[in-house]
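Survey of secondary and tertiary structure
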Amino acid sequence: MPRGSRTLTQTTLLISGAMFVLLRILALALDSGILRTLSKLALACLVLVALVWAFRALWRSFFWRVGRRLAFSYFTVGVLPMAMLALIFLLAAYLFGGFLLGHLYRDALDDLQVEIGVAADSRLSQLLHRKAGLPETTGPLTFAEYRNGRKVSGGSEAPLLWPAWIETGDAGERAPGAAAEKVADEGKHEAEASHPFVALSDGTLSTAAVARAEDRGVVVYFAGNLDAELRRRTRVWVELLRDDDPRRKTTRLQIFGLELRLGGFDLTTEKSAEYYKLNPPEQEGAPRLLEKPSILWMESTGALPLLATGERISEGVGASLASSPPSLFRAMLLTSSEVDSAAWIALLGVAVLFAEIYLVAAGIAIFMIFGLSRAVNRLSQATDAIGRGDFSTRIPVRRKDQLGDLQRSYNSMSEHLEELVQTAAQKEALDKELALARQVQQDLLPAAIDERAGVEFSTFFEPSAAIGGDYFDILDAGDGKVAVVVADVAGHGLAAGLRMALVKSALTLLVEDRIAAPAILARLHRLLRSKPGERSFVTASLSLFDPASGLLELTNAGHPPAYVVRLAGGVEELLAPGVPLGALGGVGGVGGAAGAPGAAAARLEIGDAVVWLSDGLIECCDAQGEQFGYDRIRRHLEGAPVHAAGLRDRLLDAIRVHTGGLPAEDDRTLVAMIYRAPVARAGAGQSPG
């Protein structure tokens, strides 16, 4: 026990004992009931403190040895988890039962909707063949006939005008049939899936389907007891309740961010009788505990429209589901006794196998506990020697496992302790230098984009390592022009970061000197080739934009293309092939010389946008290794560019969905620019609009 804790415990014991003795003497001397009560409280406090002290002392004394701790740990790990596993199994079985309940319910509802849809198609076929005298109802189904969008006959619950919202799934506040002629027949099934339920005039839940051809149409709705029909089909308890129904009870269960809804089921006498008609117990009138509906679940659907008008009258419909474990078990397995027996025999065999494995594991654990305890005791004795300053202590190593490696490592540590301390200090210094280099790289990139007349910018940069190799910048090129630079240094880490800093400083100086873009890239190429050591290449794209005329001139050295997004939504690719800077056969000159950089130009209109990016965005992969690719880049850039940030986020969101949140394998850089208005040059007249 630590010295401070031991002193505090002893002090508490002394104070409690002194208080008890003092109060007891006063109680006997004064014959006071209050003092006797206080003395008893002091005695209770003394006993409690003594028990705590004794427990802590016993705990530390008994578990000081590692062998005892290992034995106790094995006991807790080998026994206590059994109950925890049983609870987890019961919870998993309950959740699985709930999922199975929902599956049975959805299958029954889907089958019913398919049948109603087939009935609608069949009745429409009969009408088109001019059959007369067709019944208005067939069993629980009620039909209504429409001609030119108006009801000519059929059930009273059917709408007077053709319910186009059933085809489109657009149930809401609009007038029914307002866009009936614009609805495509192929959207019918999707619409029915989005609104599986409709409400009749008295609030009764139903489901409906439509069929239409030329000027004729048919509406079919279920006029019977929908709850009872679903119970009959699923053989489980199904009770449909609207969201605003006060009888609806829902319990929400959060598991790893997933919300599960468990339905409520009040087992009244009437409901019990109806449930046991679906699942009769083995003994009539006396169901066993397992035969009672103990698995409860809740399934929810979308908004509930009124059949007559399509008006939304409730935010949704919930299906309260309930069943018993035997009923769900019968739904999973065949009802034949052979299959049941085979399943139980297989389960028993697995249980016996697990028991045998557990016994073997217990024997191995006991053997390992003794060996580990002996090895740890040797390490403890050697550590005490090190604590006394005896670095000559060595442990005899006989083991050939991790503990043997640990003992050998201990021997090596005692020999090279000072060296390890020095190594730790060097590592700390290196980490600080790396952090400083990362901060320097961040400082090289523009922290914020200054506002420029006539254009709007938005950028994105995400390195794949502590220090990335991508670089972008937006510079003033004189005469009101703007220079946009995007470059990608091969590789990652400190070397790539240093080359990126070299490219940044050189580009900034050359652009400020008003040198032509091809000449700038040629000088950068010669600079990179002149550096000794390992060769590295850089892809770069240098674009000059004149807000006065809307002219964009792009010079490219092996970098991915830029994309022009027109105000009308079209996308044009500015492809200018060229050899990367620093590579063999790289940028060697201008004016068509061998190895010259690629060049392209485009005229921007007001509202057009340009997007520059690095290959880290194009080549990012999903979990299956499929790249995002150029086609997806173009597809997700399509659409009118409203804001530069919105255009940037539109593409980045699509990339995040494609990669599924996987970390970046290469640096990702994006610059988006929107041309807002022409800007007159200094000293010139008003530029043309």
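The structure presented is a predicted model; accordingly, all values stated were derived computationally and were not measured.

What follows concerns the overall build of the chain. Looking only at helices and strands, the chain features 16 helices and 24 strands. In the chain, which comprises 689 residues, the proportion classed as buried is 39%. Counting only contacts in the chain whose residues sit at least 6 apart along the sequence, the fraction spanning at least 24 positions is 65%. Just so you have it, the chain exposes about 38000 Å², and 61% of that area is on carbon and sulfur atoms.

Taken in spatial order, the 5 strands of this open sheet run 15-24-23-20-21, and their pairing is antiparallel. At either margin of the open sheet sits one strand with a lone partner, and together these are strand 15 (455–462) and strand 21 (571–574). Neighbour-to-neighbour, the strand axes of the sheet open up by a mean angle of 15°, direction not taken into account. Helix-sheet contacts for helix 15 (residues 629–637) involve strand 20 (562–565), strand 21 and strand 23 (609–613), and the interaxial angle to strand 20 is about 25°. Most of the contacts of helix 16 (residues 644–659) go to strand 15, to which it runs at about 25°, and overall it touches strand 15, strand 20, strand 23 and strand 24 (668–675).

To continue, consider the pattern of salt bridges. Under the defined criterion, the tally for this structure stands at 18 salt bridges. A salt bridge links Glu145 to Arg216; its shortest N-O distance comes to 2.4 Å. Note that Glu145 is positioned in strand 2 (residues 141–147) and Arg216 in strand 7 (residues 216–222), a separation of 71 residues in sequence. Of the two residues, Glu145 and Arg216, neither departs from the other in class, the shared state being buried. Across the pair Asp649 and Arg648 runs a salt bridge whose closest N-O atoms are separated by 2.9 Å. Here the salt bridges do not stand alone but share partners, grouping Glu115, Glu229, Arg232 and Arg233 into one network.

For the rest of this paragraph, the subject is the packing of aromatic side chains. On inspection of all chains with the given rule, the structure shows 4 aromatic pairs. Geometrically, the ring pair formed by Tyr146 and Trp162 is edge-to-face, given 5.4 Å between the ring centres and 80° between the ring planes. Residue Tyr146 is found in strand 2, and its partner Trp162 is found in the loop between strand 3 (150–154) and helix 4 (164–168); the two are separated by 16 residues along the sequence. Here Tyr146 falls in the buried class, since its relative accessible area comes to 1%. Residues Tyr275 and Tyr276 carry aromatic rings whose centres are separated by 5.3 Å and whose planes lie at 70° to one another, so their mutual orientation is edge-to-face.

So, about unusual backbone geometry. Even without being a glycine, Glu214 presents a positive backbone phi close to 55°. In this structure, Glu214 sits in the loop between strand 6 (208–213) and strand 7. Notably, Asp479 is not glycine yet its phi reads approximately 60°, a positive angle. Its place among the elements puts Asp479 in the loop between strand 16 (470–478) and strand 17 (481–489). Asp479 sits in the exposed class, given a relative accessible area of 62%.

Before going further, it helps to spend a moment on a nonpolar patch on the surface. A contiguous nonpolar patch, built from Phe55, Trp59, Phe72, Phe75, Val79, Met82, Leu85, Ile88, Tyr358 and Leu359 and spanning about 1000 Å² of accessible area, is present on the exposed surface. The set of elements that each furnish at least two residues to the nonpolar patch consists of helix 2 (33–62), helix 3 (66–128) and helix 9 (337–387). A per-element tally of the nonpolar patch places helix 3 first, with 6 residues. Here Trp59 lies in helix 2.

This next bit is on helix 6 (residues 226–234). When we look at burial in helix 6, the residues that qualify are Leu226, Asp227, Glu229, Leu230, Arg231 and Thr234. N-cap assignment for helix 6: the residue whose side-chain oxygen lies 3.2 Å from the backbone N of Asp227 is Asn225.

Let us look at the pairing of strand 14 (residues 317–323). Most of strand 14 sits inside the fold, with 7 of its 7 residues counted as buried. Along strand 14, one buried face is formed by Val317, Ala319, Leu321 and Ser323 and the opposite face, lined by Gly318, Ser320 and Ala322, is buried too. As paired elements, strand 11 (residues 295–300) and strand 14 share 6 bridges and run antiparallel to each other. Across the sheet, residue Ile295 finds its bridge partner in strand 14, namely Ser323.

Read from one edge of the open sheet, 5 strands run 16-17-18-19-22, paired in antiparallel fashion. Of all the strands in the sheet, the pair left with one neighbour each is strand 16 and strand 22 (598–603). Taken pair by pair, the neighbouring strands of this sheet meet at an average axis angle of 15°, ignoring direction. Running over the sheet, helix 13 (residues 517–530) touches strand 18 (538–546) and strand 19 (551–557) and is turned about 20° from strand 19.

Residues at a pLDDT of 70 or more form 81% of the chain, whose mean pLDDT is 79. Taken as a whole, residues 334–339 scores under 50 in pLDDT and shows 3 contacts with residues more than four places along the chain or in a different chain. For the stretch residues 684–689, pLDDT sits under 50, and the model shows 9 contacts to residues farther than four places along the chain or on other chains.

For His559, the location among the structural elements is in the loop between strand 19 and strand 20. Overall, His559 belongs to the buried group, its relative accessible area being 6%. Among the polar contacts made by the side chain of His559, one reaches the side chain of Thr539 at a distance of 3.0 Å. Those residues in contact with His559 that lie beyond four places of it in its chain are Val486, Ala487, Asp488, Thr539, Ala540, Ser541, Leu613 and Ser614.

A word on the environment of Glu214. Under the relative-accessibility criterion, Glu214 is labelled exposed at 74%. Along the backbone, Glu214 and Arg147 are 67 residues apart, and their C-alpha atoms lie at a distance of 9.1 Å.

Okay, the state of the cysteines next. Tallied over the full model, the rule gives 0 disulfides. Lacking any disulfide linkage, Cys621 is separated from the closest cysteine sulfur, that of Cys620, by 6.9 Å.

Bringing the packing of helix 15 against helix 16 into the picture now. At a minimum axis distance of 9 Å, the contact between helix 15 and helix 16 shows a crossing angle of 135°. One finds that helix 15 runs oblique with respect to helix 16. Remark: the crossing between helix 15 and helix 16 carries right-handed chirality. Facing helix 15, whose interface residues are Arg632, Ile633, His636 and Leu637, helix 16 presents Leu647, Arg650, Leu651, Ala654 and His658. Here the residues of the contact of helix 15 with helix 16 are counted per class, giving 5 nonpolar, 2 polar and 2 charged.

Note that Ala680 resides in the segment after strand 24. Here Ala680 falls in the partly exposed class, since its relative accessible area comes to 32%. Here the alpha-carbon distance between Ala680 and Asp479, two residues 201 residues apart in the chain, equals 9.6 Å.

What follows deals with the side chain of Ser327. Following the sequence through the fold, Ser327 ends up in helix 8 (residues 325–332). A polar side-chain atom of Ser327 sits 3.0 Å from a polar atom in the side chain of Asn279. Apart from the residues within four sequence positions on either side, Ser327 is in contact with Tyr275 and Asn279.

Let's shift gears to the environment of Gly98. With respect to the helices, strands and loops of the structure, Gly98 is situated in helix 3. A relative accessible area of 0% places Gly98 in the buried class. For Gly98, the contacting residues outside a window of four places in its chain are Ile295 and Trp297.

What counts and how
- Residues numbered from 1 in each chain as written.
- Predicted model: local features only at pLDDT ≥ 70, side-chain atom pairs only at ≥ 80, totals over all residues.
- Heavy atoms only, no water.
- Helix = DSSP H or I, 4+ residues; strand = E, 2+ residues; numbered from the N terminus.
- Buried < 20%, exposed > 50% of the residue type's maximum accessible area, 1.4 Å probe, protein only.
- Contact = heavy atoms within 4.5 Å.
- Areas by Shrake-Rupley, 256 points an atom, 1.4 Å probe, with all protein chains shown as cover.
- Pairing = 2+ DSSP bridges.
- Axes fitted to C-alpha atoms, helices over the stretch in contact; angles between N-to-C directions.
- Salt bridge = Lys/Arg side-chain N within 4 Å of Asp/Glu carboxyl O.
- Phe/Tyr/Trp six-rings, centres within 6.5 Å; stacked < 30°, edge-to-face > 60°.
- Patch = residues over 30% accessible without salt bridge, like charges linked within 9 Å, V, L, I, M, F, W, Y side chains within 5 Å.
- Polar contact = N/O pair within 3.5 Å; in protein donor to acceptor, adjacent residues only side chain to side chain.
- pLDDT = per-residue confidence, 0-100.
- Disulfide = S-S within 2.5 Å.
- Parallel < 35°, antiparallel > 145°, perpendicular 65-115°, else oblique.
- Left-handed = near helix turned anticlockwise from the far one by under 90°.
- Nonpolar A, V, L, I, M, F, W, Y, C, P; charged D, E, K, R; others polar.

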